[in-house]
Amino acid sequence: MLSSNAIAIDPLDLDRIQPSSVDLCLGNRIRVFTNNHRFAMVDVRAPADDLTEMIELEPDQPFILHPHEFVLGITHERVRLPHDIVGRLEGKSSLGRLGLLIHSTAGFVDPGWSGRLTLELANILNLPITLYAGMPIAQISFMRLTTEVDRPYGSASLASKYQGDEDPAPSRFHRNFRV
């Protein structure tokens, strides 16, 4: 499916194709939570844009993820799925063994998805972990559905919040509350 471009990963490094998955790399932008001192809580009904700040990673310079810190990253690669394929995003096992979690809840990539994938990065260790732009950080595997989905991700009727993302996006959960 990769060779026919039914599943698109751009750029695709053939050396990153594993037996049942494709390794994805960390992009060069991370969204950090910086305004904890200004807010008493996170209100899920309110936009979360003011909670974070975008950081651009410099080549070969580490980003230090401190113990128990949570940031949003982005994959270097853009992924596009057809309407009959679902992707499953997982962290690299070797990084998990160092205490780095790649996603908290966003493991499924819906049929019809197109864009860079946001990574929910958390350090559960008591020691800092370094992250570098371009490092292998996750792997995506694919499952074929028996039929195409009726409403692929990005369909107008779904009001998909993250289709086409190029940067790690803050939560848009507040859009679930309609007046």
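Residues numbered from 1 in each chain as written. Predicted model: local features only at pLDDT ≥ 70, side-chain atom pairs only at ≥ 80, totals over all residues. Heavy atoms only, no water.

A.B. asks: Mind showing me how you'd approach the overall build of the protein chain here?
C.D. replies: Across its full length, the protein chain carries one helix and twelve strands. Listing every helix and strand of the protein chain by position from the N terminus yields β-β-β-β-β-β-β-α-β-β-β-β-β. For the protein chain, the C-alpha radius of gyration of 17 Å lies close to 16 Å, the compact-globule estimate for 179 residues. Principal axes of the C-alpha set define a box for the protein chain whose edges measure 50 × 45 × 25 Å. (Helix = DSSP H or I, 4+ residues; strand = E, 2+ residues; numbered from the N terminus. Rg over C-alpha atoms; globule rule 2.2 N^0.38 Å.)

A.B. asks: Please clarify how the nonpolar core should be interpreted in this entry.
C.D. replies: Burial of nonpolar side chains together is a common tendency in soluble globular proteins. Formed by 30 residues in total, the largest nonpolar core has its most connected members in Leu26, Leu121, Leu131, Ile137 and Ile140. At the level of secondary structure, the elements contributing two or more residues to this core comprise strand S2 (22-25), strand S3 (29-33), strand S5 (63-65), strand S6 (70-80), strand S7 (85-91), strand S10 (114-123), strand S11 (129-131) and strand S12 (136-144). Discounting chain neighbours no more than four positions away, the residues touching leucine 131 are Leu26, Ile30, Gln61, Pro62, Phe63, Leu65, Leu100 and Leu121. (Core = buried A, V, L, I, M, F, W, Y, C linked by side-chain atoms within 4.5 Å. Buried < 20%, exposed > 50% of the residue type's maximum accessible area, 1.4 Å probe, protein only. Contact = heavy atoms within 4.5 Å.)

A.B. asks: In this structure, what is going on with the environment of leucine 125? I would like to understand it.
C.D. replies: Its location among the elements puts leucine 125 in the loop between S10 and S11. Judged by its relative accessible area of 31%, leucine 125 is partly exposed. Taking the C-alpha atoms as reference points, leucine 125 and aspartate 10, 115 residues apart in sequence, are found 32 Å from one another. Contacts of leucine 125, omitting those with residues within four sequence positions, involve Pro67, His68, Leu98 and Gly99.

A.B. asks: When you look at the pattern of salt bridges in this model, what are you seeing that I'm missing?
C.D. replies: Charged atoms that come close allow side chains of opposite charge to pair. Under the defined criterion, the tally for this structure stands at eight salt bridges. Residue aspartate 165 pairs with arginine 172 through a salt bridge whose shortest N-O separation is 3.5 Å. Assigned by exposure class, aspartate 165 and arginine 172 land together as buried. (Salt bridge = Lys/Arg side-chain N within 4 Å of Asp/Glu carboxyl O.)

A.B. asks: Explain the sheet that holds S2 here, please?
C.D. replies: Paired through their backbone hydrogen bonds, the strands of a sheet run either parallel or antiparallel. If you trace the four strands from one edge of the open sheet to the other, you get S2-S12-S7-S9, paired in antiparallel fashion. Only two strands of the sheet have a single partner each, and these edge strands are S2 and strand S9 (108-109). Here four bridges tie S2 to S12, and the two strands are oriented antiparallel to one another. Each bridged residue has a counterpart across the sheet, and for leucine 24 the counterpart in S12 is alanine 138. (Pairing = 2+ DSSP bridges.)

A.B. asks: Got a minute to help me understand the environment of serine 93 in this structure?
C.D. replies: Note that serine 93 resides in helix H1 (residues 93-96). On the basis of relative accessible area, serine 93 is assigned to the partly exposed category, the value being 42%. Placed 53 residues apart in sequence, serine 93 and threonine 146 show a C-alpha to C-alpha distance of 30 Å.

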